[in-house]
Amino acid sequence: MINIDVTDFDEALAADHDGSFHSAVERHLVQAVAEQNALIQRGLAPAEFAQASKVEAALTKAIDVIRFSRSLHNSK
């Protein structure tokens, strides 16, 4: 298991020669989205639902960013 809780996240991404760090980050984010979605599906008060939906959207965007980073890194 790769530790993604690193002091210099950008440096770890840049040094990821085999793509394993990018993949670990993506797996972590996908799991976080699934957990957030499960929370939303259980039912929340309107204000909590709005907040949880924003968190889920942010996590989904983070997945897009990490995938884009991997594509840039792989094209070198």
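Visitor: Looking at this structure, I do not really get the pattern of salt bridges. What am I missing?
Guide: One side chain can pair with another of opposite charge once the charged atoms of both are near each other. Enumeration over the complete set of coordinates arrives at two salt bridges. The residue Arg-67 makes a salt bridge to Glu-26 at a minimum N-O spacing of 2.7 Å. Taken together, the residues Arg-67 in helix α3 (residues 46–74) and Glu-26 in helix α2 (residues 20–42) connect sequence positions 41 residues apart. The partner of Glu-26 in a salt bridge is Arg-70, with the nearest N and O atoms 2.1 Å apart.

Visitor: How should I be thinking about the side chain of Asp-16 in this particular structure?
Guide: For Asp-16, the position within the fold is in the loop between α1 (9–14) and α2. The side chain of Asp-16 is buried and forms no salt bridge, while Arg-70, the nearest opposite charge, is found at 6.8 Å. Of note is the side chain of Asp-16, whose polar atom sits 3.1 Å from the backbone nitrogen of Gly-19. Of note is the side chain of Asp-16, whose polar atom sits 2.6 Å from the side chain of His-22. With residues near it in sequence (within four places) discarded, Asp-16 still touches Phe-21, His-22 and His-73.

Calculation rules
- Residues numbered from 1 in each chain as written.
- Predicted model: local features only at pLDDT ≥ 70, side-chain atom pairs only at ≥ 80, totals over all residues.
- Heavy atoms only, no water.
- Salt bridge = Lys/Arg side-chain N within 4 Å of Asp/Glu carboxyl O.
- Helix = DSSP H or I, 4+ residues; strand = E, 2+ residues; numbered from the N terminus.
- Buried < 20%, exposed > 50% of the residue type's maximum accessible area, 1.4 Å probe, protein only.
- Lys, Arg positive; Asp, Glu negative; His and termini not counted.
- Polar contact = N/O pair within 3.5 Å; in protein donor to acceptor, adjacent residues only side chain to side chain.
- Contact = heavy atoms within 4.5 Å.

By themselves, these observations are geometric and do not establish any function.
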